[in-house]
Amino acid sequence: MLLVLGRRVSLSFVKRVIPQDPVLLSNPILQDFRTIKFRVIHSSTVFASATRQNTDTMPERRPFVRLPTDVYPVNYGLCLKPDLIDFTFEGKLEAIVKVNLATNQIVMNCADIDIITASFVPEGGEGEEINATGFNYQNEDEKVTLSFPSALQKGSGTLKIDFVGELNDKMKGFYRSKYATPAGEIRYAAVTQFEATDARRAFPCWDEPAIKATFDISLIVPKDRVALSNMNVIDRKPHPEDDSLLEVKFATTPIMSTYLVAFVIGEYDFVEGQSSDGVTVRVYTPTGKAEQGKFALEVAVKTLPFYNDYFNVPYPLPKIDLIAIADFAAGAMENWGLVTYRETALLIDPKNSCSSSRQWVALVVGHELAHQWFGNLVTMEWWTHLWLNEGFASWIEYLCVDHCFPDYDIWTQFVSADYTRALDLDALDNSHPIEVNVGHPSEVDEIFDAISYSKGASVIRMLHNYIGDEDFRKGMHSYLLKFQHKNAATEDLWDCLEQASGKPIALVMSSWTKQMGFPIIVVDQEQQGDDRILKISQKKFCASGPHNGEDCPNWMVPISICTGEDPGCTKLKVLLDSPETTITINNVSPDQWVKINPGTVGFYRIQYSSAMLESLLPGIRDLTLLPVDRLGLQNDLFSLSRAGMISTVEVLKLMEAFVNEPNYTVWSDLSCNLGVLSSLLSHTDFHEEIQEFIRELFTPIGLKLGWECKQGEGHLDALLRGLVLGKLGKAGHKPTLEEARRRFKDHVEGKQILSADLRSPVYLTVLKHGDSATLDTMLKLHKQADMQEEKNRIERVLGAISAPDLIQKVLTFALSEDVRPQDTVSVIGGVAGSSKHGRKAAWKFVKDNWEELHNRYQGGFLISRLIKLSVDGFAIDKMAAEVKSFFESHHAPAAERTVQQCCENILLNAAWLKRDADDIHQYLLKRKAPPV
């Protein structure tokens, strides 16, 4: 599943709100609600209070028990008949089961379903059908116990259950999704989202990933609707009792987990292609929008053979469908053979989609198709190993996009989008290890976060670099062959990679997956003749500064080193397996710089000695350092300033060295960090001075790019132009503001339609400096927009409006019928991230409407995201206490850890502000002062 974690690849003109969690915004690249954890503290005593305030809010849960193994399924024969008017469904289950141990009860998962009758028929007709005499629902555990009057004997049999359920509006289980026909009539589709634990809302089942079975699915649907499931259709016939209905039967699936089962009933068009290895690929779109499925089809048709080749294991199903679902909480879901997506993660309009949307679609398609092997063919044994599923797919999606679109420079973007955000979250005291023991379903939702996805992807990238591509592929191939159609744990993959590479993979990797956090590598050097001697040590990096206590954890750290002689080539690789070591690099002249972690692949921060850092800085101005290393250096220093290890003024001085920077991703990361700083300084009376700094830094690149795209420009130029113009416009750069207003007027009047890549920056700029007429015009554009991408683009920037009464209007709009339920979160987040007043108003709005919001998102990850976006930007100690107190009386079990992280962030922000605000103010004033 892809969460819209609001990745950091954003057009950062939408201000970083300082969030983290699962995801879900609809276009992370455009999106910006991601943000950085402002940590920081200026004394250990403050930090102690940060820890105290945060760690005591998780109530104890009673022990969770997995399902008994005395009866397990072999095949589910499942027939469902949804009613798209009354929003109910009828179901018949005939499951072939194996009784391992004579028992008079069967325990299954079941939630929000009413069982009408249940019976058991022993195999071979020996013995009568045994009717269940009782159904005991354990609602909190989402289980049902079927009791039988006599013991079911060891052997096989058929379990028959008739049941009814509701097509809910919670975007989980078997639910309804609202859409409008081309004529404007409101209708509903019936769709599914089962990961992690919601198949039990569609049919009684053994809803654990290790309890695999085959599925024979039939759907009884109106004959004018499309019916899809994991497999191809093998039979369609009129329903004997009602000739307006069709019975659609699908082929038997391979053996698979319940969370990957899917069915969709609705109205769709499709485009079709075939991969070079003979798999039929279809992309299903809303009616009348088949054209918008072509880009995703092109990506999917290239991607399947890429993975076939990479894993050296063929895709096992005859077809794969990719379908856009109107109401969808996650970014996408990898159901085997029927992958579901948010509309914005699948549909591309050749005229009206921006470059970042194309890139997002390519990444999401790459992510979900990787799961067809890694997750679906071989499945994690339990949710503890979820990270392996998601971390791996979050890494290989980049490999796939790099193969399909080499001009995207996607690996540099990975560092800004995934790697740095994982470092930010993992520096908190309230982070968690990659591998988390989870039990109760509400705990599973909590680990769909940037640790499982982005840190998971980052450590796999580090592992791939450590092993080398050839041995990595060899190990992957043997893992998939050995465990296909089965379940595996993290250690099983390490074994296969160890055998392929001969390296101590399990030893190295367990230090990264079983303990939370990461090291800061401290480096000093001295010259001895022609040799450079490096002293390297590691200690745990914390958002509040380095860990100085007892029991400091250690990591097995793969360290690479390059020199100024050839910045793109690794001169030396070592494995740091102790707290400190000394390394000699031969033949390095005194005038050459030495850099640790070329390519920014190792998952750690670096603190260089002053002299080493000084020698690296010219490489930023003259661009001799690679873009990814210029980015990494700046990001490390920014993080050290938040942790109180260096002054923020030093980072501002460094940022000024980026005046010649041509690279989009480097600017994107700079922009993110300046957004964080701007948000922090909104709590001071010199917010305007940081805006001036931003205007001065971005003006030269803005002038160079201009407004019109030039011949020979590509994807990254379009992204950079949108980023820079949005940043300048938001910061109040007059020429940018005037031009944005002129272009907006022409756009609204239909004289000159804005290109898709310019819409976000223009909308943002005119709203930030706009009035009620601007907001009304924008809401009108939203209403007229036929494409979800355009609606989302507008929703994400509405919060930029400044006047308090208009901010209120935007918040009210967020909960209106005009905004899809999954997008409400990004509207509220946009308000919270745009200004000091917006932050207060958004938090009050969340508190005032908590019941409705919590009911809408219940246990899902959207509730975590909402909380994070709403409160993570505060920088006053008492706000941490207020947030903590509110959630003690308004429980949100799936967001407990998020609440703790937010409280920690608020205290860290407050400490950062106390520590550095005056120095930053003096520096900004000094820059403005005329030279003496």
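Look above for the structure.
Note that this is a predicted model, so its numbers are computed, not measured.

(A) Region of interest: the pairing of strand β13 (residues 233-239). Pairing of β13 with strand β14 (residues 242-250) involves 6 bridges; the strand directions are antiparallel. Residue pairing across strands places His-239 opposite Asp-242, the latter belonging to β14. Remark: 2 residues form the turn of the hairpin made by β13 and β14, two consecutive strands paired antiparallel.

(B) Examining unusual backbone geometry more closely. Put simply, Glu-195 and Ala-196 share a cis peptide bond, and its omega is 10°. Mapping Ala-196 onto the fold places it in the loop between β10 (186-193) and β11 (214-222). For Asp-409, which is not glycine, the phi dihedral falls at a positive 45°. Relative accessible area serves as the criterion here: at 25%, Asp-409 is assigned to the partly exposed category.

(C) Region of the structure containing the sheet that holds strand β7 (residues 143-152). Read from one edge of the open sheet, 3 strands run β3-β7-β6, paired in antiparallel fashion. The open sheet has two free edges, formed respectively by β3 (103-109) and β6 (134-138), since each of these has just one partner strand. Ignoring which end each strand starts from, the neighbouring axes of this sheet average 25° apart. As defined by bridge partners, β3 adjoins β7 across 6 bridges and the pair is classed as antiparallel.

(D) Molecular detail of the side chain of Glu-435. In this fold, Glu-435 is placed in the loop between α5 (410-426) and α6 (441-446). Classification of Glu-435 as buried rests on a relative accessible area of 13%. Residues contacting Glu-435, with those up to four places away along its chain left out, are Thr-384, His-385, Trp-387, Thr-490, Glu-491, Thr-513 and Lys-514.

(E) Structural view of the sheet that holds strand β26 (residues 557-563). Read across the sheet, 3 strands follow the order β27-β26-β29 without closing on themselves; strand pairing throughout is antiparallel. Each edge of the sheet is formed by a strand with only one pairing partner; in this case those strands are β27 (572-576) and β29 (594-596). On average, each strand axis in the sheet is inclined to that of its neighbour by 25°, with strand direction left out of account. In the sheet, β26 pairs with β27 via 5 bridges, with the strands oriented antiparallel. If you follow Ile-559 over to β27, its bridge partner there is Val-574.

(F) Structural detail: helix α22 (residues 804-814). Buried within α22 we find Leu-806, Ile-807, Val-810, Leu-811, Phe-813 and Ala-814. The arc that holds every buried residue of α22, seen down its axis, measures 160°, which confines them to one face. Turning to α22, the residues buried within the fold contact α20 (772-784), α23 (824-832) and α24 (836-848).

(G) Up close: the pattern of salt bridges. On inspection of all chains with the given rule, the structure shows 59 salt bridges. Where Arg-66 meets Glu-381, a salt bridge forms, and the shortest distance between an N and an O atom there is 2.9 Å. With a gap of 315 residues between them, Arg-66 in the loop between α1 (44-55) and β1 (71-83) and Glu-381 in the loop between β21 (378-380) and α4 (386-404) connect regions that are remote in the sequence. We classify Arg-66 as partly exposed; its relative accessible area is 32%. Among the salt bridges present, the one from Lys-289 reaches Asp-786, with a minimum N-O distance of 3.5 Å. Taken as a pair, Lys-289 in the loop between β17 (280-286) and α2 (294-311) and Asp-786 in the loop between α20 and α21 (788-797) lie far apart in primary sequence, 497 residues in all. Salt bridges linked by common partners bring Asp-112, Glu-142, Asp-198, Arg-200, Arg-201 and Asp-207 together as one network.

The rules behind the values
- Residues numbered from 1 in each chain as written.
- Predicted model: local features only at pLDDT ≥ 70, side-chain atom pairs only at ≥ 80, totals over all residues.
- Heavy atoms only, no water.
- Pairing = 2+ DSSP bridges.
- Helix = DSSP H or I, 4+ residues; strand = E, 2+ residues; numbered from the N terminus.
- Buried < 20%, exposed > 50% of the residue type's maximum accessible area, 1.4 Å probe, protein only.
- Axes fitted to C-alpha atoms, helices over the stretch in contact; angles between N-to-C directions.
- Contact = heavy atoms within 4.5 Å.
- Arc of directions from axis to C-beta.
- Salt bridge = Lys/Arg side-chain N within 4 Å of Asp/Glu carboxyl O.

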